[in-house]
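Residues per chain are reported as follows:
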Amino acid sequence: MHPSLLMASSSSDLEVLKALLNWGNAPTPQVVVEVPAADEARRSISIADQPAAAPSAESSLLLEGVTPGGDTALHVLAKSGSSGEGALDCAYVIFSRAQHLMDRPNRMGDTPLHCAVRAGNRAMVSCLVDFVKGSGQDGSEKAKAMLRRQNLSGETALHAAIRAGSEEVVLLLLAEDPELARVPPGEGTSPLYLAVLLRQIRLAQILHEKDSRLSYSGQFGQNALHAAVITGKELTEKVLEWNKDLTTLMDGKGSTPLHIAAALPGGNRKGSVCSQTFEANTTALYQPDNDGLFPIHVAASLGEQGTIAMFLKKCPSSAGLCDTKGRTFLHVAVEKKMMHVVSYACTKGSLTWILNMQDNVGNTALHLAVQAGSLRLFSALLGKQEVNLNLSNAKGQTPLDISLYNIPPGLSYNQDSEVLIYHALKVTGATSGASRRDHFRDSHNDAHGVNSDYNIKELEQMKELTQTLCVGSVLIATVTFGATFALPGGYRSEDHPKGGTPILAGRYSFDAFMIANTLAFIFSSMATVSLMRSGSPMINRLSRRVYISIASFLVETSVSCLVAAFALGVYAVLASVARRTAIAICVMSPFVVVCIKAELWIKWAILARPFFVRMGPIWTTREYTRILVGNLLVGFWPFILIFIWAAYGRDHLSSKLEPPPAQPPAPFT
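These numbers come from a predicted model, not from an experiment.

### What to know about the overall build of the protein chain
Item 1. Along the protein chain, the regular secondary structure elements total 33 helices and 0 strands.
Item 2. Buried residues in the protein chain amount to 47% of all 669 residues.
Item 3. Counted over contacts in the protein chain with a minimum sequence separation of 6, partners at least 24 positions apart contribute 71%.
Item 4. Put simply, the protein chain shows about 32500 Å² of open surface, and 58% of that area lies on carbon and sulfur atoms.

### Section: the UniProt feature "repeat: ANK" (unreviewed entry) in the protein chain
Item 1. Feature annotation in UniProt places "repeat: ANK" (unreviewed entry) on residues 153-174 and 361-394, given in this structure's numbering.
Item 2. As annotated, residues 153-174 comprises 73% helix and 0% strand, and the C-alpha atoms at either end are separated by 21 Å.
Item 3. Here residues 361-394 is 47% helix and 0% strand, with 5 Å between the C-alpha atoms at its ends.

### Comments concerning the packing of aromatic side chains
Item 1. The final tally for this structure, using the stated rule, is 11 aromatic pairs.
Item 2. Each ring, one from phenylalanine 95 and one from phenylalanine 131, has its centre 5.1 Å from the other, and the planes form 10°; the classification is stacked. With phenylalanine 95 in helix α5 (residues 85-97) and phenylalanine 131 in helix α7 (residues 122-133), this pair connects stretches of sequence that are 36 residues apart.
Item 3. By relative accessible area, which is 7% here, phenylalanine 95 ends up buried.
Item 4. On the basis of relative accessibility, which here comes to 3%, the residue phenylalanine 131 falls in the buried class.
Item 5. Each residue in the set Trp604, Phe611, Trp619 and Tyr624 is aromatic and connected to the rest through ring pairs, giving one cluster.
Item 6. The ring centre of phenylalanine 278 lies 5.9 Å from the NZ or CZ of lysine 314, which sits over that ring.

### Examining the pattern of salt bridges
Item 1. Within the structure shown, the criterion is met by 16 salt bridges.
Item 2. Here glutamate 179 ties to arginine 148 by a salt bridge, and the two come within 3.9 Å at their closest N and O atoms. With glutamate 179 in the loop between α10 (167-176) and α11 (191-197) and arginine 148 in the loop between α8 (139-147) and α9 (157-164), the pair connects residues that are 31 residues apart, well separated along the chain.
Item 3. Residue glutamate 179 is classed as partly exposed on the basis of its relative accessible area of 38%.
Item 4. What makes arginine 148 partly exposed here is its relative accessible area of 29%.
Item 5. The shortest N-O distance in the salt bridge between aspartate 323 and arginine 327 comes to 2.7 Å. Per residue, the accessibility class of aspartate 323 equals that of arginine 327, and both read buried.
Item 6. In this structure, a network of salt bridges that share partners links the residues Arg148, Asp177, Glu179, Arg182 and Asp211.

### A few points about the confidence of the model for the protein chain
Item 1. Mean pLDDT over the protein chain stands at 84; residues scoring 70 or higher make up 86%.
Item 2. A low-confidence stretch, residues 32-52 (pLDDT under 50), is modelled with 36 contacts involving residues beyond four sequence positions or located in other chains.
Item 3. A low-confidence stretch, residues 653-663 stays under pLDDT 50, and its non-local contacts, those more than four residues away or across chains, total 10 contacts.

### Here's the deal with α10
Item 1. Along α10, the residues that are buried comprise Val169, Val170, Leu171, Leu172, Leu173 and Leu174.
Item 2. Looking at the buried positions of α10, the neighbouring elements they touch are α6 (112-118), α7, α8, α9 and α12 (201-210).

### Section: a nonpolar patch on the surface
Item 1. A cluster of nonpolar side chains, Leu628, Val629, Leu632, Leu633, Ile640 and Ile644, forms an exposed patch at the surface whose accessible area comes to about 520 Å².
Item 2. Given a relative accessible area of 36%, leucine 632 falls into the partly exposed group.

### Considerations on unusual backbone geometry
Item 1. A positive phi angle, near 60°, is found at arginine 199, a position not held by glycine.
Item 2. Looking at the element boundaries, arginine 199 is found in the loop between α11 and α12.
Item 3. Here the phi dihedral of lysine 337 falls at roughly 60°; this positive angle occurs in a residue that is not glycine.
Item 4. Relative to the assigned elements, lysine 337 resides in the loop between α19 (329-335) and α20 (339-347).

### Remarks on the nonpolar core
Item 1. Counting residues in hydrophobic clusters, the biggest one holds 133 residues, and the most contacted among them are Leu173, Leu207, Phe329 and Phe378.
Item 2. For this core, the element with the most residues is α5, which contributes 8 residues.
Item 3. Setting aside residues up to four positions removed in sequence, leucine 207 forms contacts with Leu158, Ile162, Val170, Leu174, Ala181, Pro191, Leu192, Ala195 and Leu214.
Item 4. In this structure, Phe510, Leu519, Ala520 and Ala565 belong to the second largest nonpolar core, which totals 23 residues.

### Observations regarding the environment of leucine 258
Item 1. Following the sequence through the fold, leucine 258 ends up in helix α15 (residues 257-262).
Item 2. According to the relative accessible area criterion, leucine 258 is buried, its value standing at 0%.
Item 3. Spatially, the C-alpha atom of leucine 258 lies 9.5 Å from that of isoleucine 296, the residues being 38 residues apart in sequence.

### A closer look at empty space enclosed by the protein
Where empty space is left in the structure can be found by rolling a water-sized probe over the atoms.
Item 1. Enumeration over the complete set of coordinates arrives at 1 cavity of 30 Å³ or more.
Item 2. Around the largest cavity sit Phe553, Glu556, Thr557, Ser560, Val593, Ile596, Lys597, Val634 and Gly635, which together line it.
Item 3. Among the elements that make up the lining of the largest cavity, the one with the highest residue count is helix α28 (residues 541-574) (4 residues).
Item 4. Partitioned by chemical class, the residues of the lining of the largest cavity number 4 nonpolar, 3 polar and 2 charged.

### As for the packing of helix α14 (residues 233-242) against helix α16 (residues 273-280)
Item 1. Across the interface, α14 lies against α16 with an axial gap of 9 Å and an inter-helix angle of 15°. Comparing the axis directions of α14 and α16 gives the class roughly parallel. Viewed along their axes, α14 and α16 form a crossing whose handedness is right-handed. Facing α14, whose interface residues are Lys233, Thr236, Glu237 and Leu240, α16 presents Val273, Gln276, Thr277 and Ala280.
Item 2. For the contact of α14 with α16, the class distribution of residues is 3 nonpolar, 3 polar and 2 charged.

Cut-offs applied
Residues numbered from 1 in each chain as written. Predicted model: local features only at pLDDT ≥ 70, side-chain atom pairs only at ≥ 80, totals over all residues. Heavy atoms only, no water. Helix = DSSP H or I, 4+ residues; strand = E, 2+ residues; numbered from the N terminus. Buried < 20%, exposed > 50% of the residue type's maximum accessible area, 1.4 Å probe, protein only. Contact = heavy atoms within 4.5 Å. Areas by Shrake-Rupley, 256 points an atom, 1.4 Å probe, with all protein chains shown as cover. UniProt positions renumbered as here; feature names shortened; annotations may be inferred. Phe/Tyr/Trp six-rings, centres within 6.5 Å; stacked < 30°, edge-to-face > 60°. Lys NZ or Arg CZ within 6 Å of the ring centre and 35° of its normal. Salt bridge = Lys/Arg side-chain N within 4 Å of Asp/Glu carboxyl O. pLDDT = per-residue confidence, 0-100. Patch = residues over 30% accessible without salt bridge, like charges linked within 9 Å, V, L, I, M, F, W, Y side chains within 5 Å. Core = buried A, V, L, I, M, F, W, Y, C linked by side-chain atoms within 4.5 Å. 1 Å grid on protein atoms, 1.4 Å probe; cavity = no way out; pocket = protein on both sides within 12 Å on 5 of 7 lines; lining within 4 Å. Points joined across faces, edges and corners; volume = space filled by probe spheres on them. Nonpolar A, V, L, I, M, F, W, Y, C, P; charged D, E, K, R; others polar. Axes fitted to C-alpha atoms, helices over the stretch in contact; angles between N-to-C directions. Parallel < 35°, antiparallel > 145°, perpendicular 65-115°, else oblique. Left-handed = near helix turned anticlockwise from the far one by under 90°.

What follows is the structure in structure tokens.
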């Protein structure tokens, strides 16, 4: 496009435009546009039949130029947003010289009308429509065709007006073509769908009032109710009032509006989007998508327990709906690890009949919970007496077999969820499948790559574990070694009979501190030696496993001793001046040891209820007492040794410092 023409079109400079197009000196017929407040605007236009001078070949060719975006001069003028008399006169001048530009699309497929509508320029929109209507006997048909012209996105000028949120332009376009919202949207969306998606409630209401037979279709095969469900309950209520049949229509993936609503939080609340859609047509609950998933499966996959409860309250039979894989909503909830949904299914007596349902490969919810290695999901199902522990899947595996599969050979942590699940199943009487044990062992080894690269992987694991533990053990040894020569309270001065000895020596807390610090140093040093051996390539894998196990225990023990040394050292220094603070520190310090065992307490607490249900209160109480006492002794046995030895040493005079000899009295002068 010629730069001068682009400038004149952008700035609505009528004089420059007339000069470029060889318009002549005759006055330009004035374009008059009346814009009353009423919705149905009436427009009048007075134009001359012919321009003042015939166009030259040069001026006609000038109007054929376009911008890099494919915009003609009429596009540029419409985009400018100018609605004064000069802009409308410029539009008349361009149109009179090249009427075909009205239908010329740019690179996005937009006509000048699209551009004017997008700019929210009502006067220019009215002017362009009237130009086309007054261009001949078939002007009305041309104007209607122009209004229905779609860009590359499949959108008409009405779509652009809705995107701009211009109520006046929407009313103007509908006044020219009341059926404009009924036009199929091609690859785009219907005007109503777009209005709903953009939350333009007023515009959606106008579209429906102007034409009750308008199109509800949208992108990806969706309809206006799909969009309303996403946007909120107000629009959902309106769309349902207009057309309840939309509840069963599916999008390209087979999802109904209820599928989308079931995924929203708070679906069971009164007046929510999900409750509105569900109550409008409950049969949509029994309509699967392309993957065979029903709305109840969607709710389960996202943990919407309240929504599931609402579905089951009105349609109890929907609990047994299975997808193409044969999964109920409980299977899906277990696979997605949605604890609230699984707990709800286990505590609801009316859902007992689905607890042992098997999918297409024979897995029950318990199989999947064990396979996922989730202790909470497993405990919820194990705590339900009706859950069968010994059902086999298509591979002949029971939950016990799967739990054993999850435990790798070689190194394993005894508080891993997989190990505890296996232990719980064994204790509660679960049995293995019918396969031969040697075949099972071979299959287990193959699953973990024992016969291929497992040895290399295990050595790498040992190396990483050794490095991690070694850092901790060396750090503890360093700290305790330094504390031995930087004792709390300091040392006696050289002029004292026991010069150079600790000032606090002989006190019970100080003696206990020294024992604790010494034990921490000894155990950490022993752990360091064990770790050095576990990392040595000269030692076989079995011995290295033993050394790592020993080192792990010694490091935990040295941490307990270090905690005791810290508490006792602080108490020895503060007891005489801030006794309460010293006691508080001593009380808080053992929580470090408790924290080390926190995982054990939490996981065994999760298993308490299932054991109580399956094994009875007497067995559970006895077993948990044994576990509690045993782990307390393992964690706190260094404290017992420290305080007993300190008390023993205090009872022997040889361990106490002798008081300094009395000084002779000064001579009398």
